[in-house]
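# Tertiary structure, described
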Amino acid sequence: MKDIYDAPTKQSAEAALKDYGAKWGKKYPYAIRSWEDNWEELTVFFDFPLEIRKIIYTTNLIENLNGKIRKYTKNKLSFPTDDALMKSVFLALNEATKKWSMPIHNWGIILNQFLAIFEKRVRILKKI
């Protein structure tokens, strides 16, 4: 699958999917068919520059963050109010961000691309 995600264009990704299907199609026909049937929805990330694409399809960061939130919320069977849940999630996020020390690779380039593509939606907050 890496060849699909790392492809420079949507067309080369489609060729990589065909190669992948030729190799794994007999063993995993449902998975290959699912990719083919949902190709347009699954490849929307090709509308973005390569650096932004890597952030979109890399889920490790998201899964790690979800794990931290689960750690804070799993011991409770229910929360008395929505506010109580929000506070618990806030504390989980607050703890998780304390350990974030590695910057995102090429962040300056990525930020400039976000600013160009989403000019009215991206705000840069200045630290005081």
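Scope of this entry: the structure provided in the associated data block. (Residues numbered from 1 in each chain as written. Predicted model: local features only at pLDDT ≥ 70, side-chain atom pairs only at ≥ 80, totals over all residues. Heavy atoms only, no water.)

Residues other than glycine seldom take positive phi values, yet Asn 106 does so here, at roughly 65 degrees. Tracing the backbone shows Asn 106 in the loop between helix H7 (82-98) and helix H8 (107-117). Residue classification places Asn 106 among the partly exposed positions, given a relative accessible area of 33%. (Helix = DSSP H or I, 4+ residues; strand = E, 2+ residues; numbered from the N terminus. Buried < 20%, exposed > 50% of the residue type's maximum accessible area, 1.4 Å probe, protein only.)

One pass over the full model with this rule turns up two salt bridges. Among the salt bridges present, the one from Glu 40 reaches Lys 10, with a minimum N-O distance of 2.8 Å. One end of the pair, Glu 40, is in helix H4 (residues 39-42); the other, Lys 10, is in helix H2 (residues 10-24), with 30 residues separating them in the sequence. For Lys 10, a relative accessible area of 23% translates into the label partly exposed. Between Glu 95 and Lys 98 there is a salt bridge, with the nearest N and O atoms lying 3.0 Å from each other. With Glu 95 and Lys 98 both in helix H7 and three residues apart, this pair spans about one turn of that helix. For Glu 95, a relative accessible area of 32% corresponds to the partly exposed category. Accessibility expressed as a relative area gives 59% for Lys 98, which makes it exposed. (Salt bridge = Lys/Arg side-chain N within 4 Å of Asp/Glu carboxyl O.)

A separate point is the side chain of Arg 53. Within the element layout of this structure, Arg 53 appears in helix H5 (residues 50-57). With no salt bridge to any partner, buried Arg 53 finds its closest opposite charge in Glu 51, at an N-O distance of 7.6 Å. For Arg 53, the residues in contact, after removing those within four places along its chain, are Tyr 5, Ala 7, Pro 8, Phe 45, Phe 46 and Phe 48. (Lys, Arg positive; Asp, Glu negative; His and termini not counted. Contact = heavy atoms within 4.5 Å.)

Scope: geometric values only; no functional claims are made or implied.
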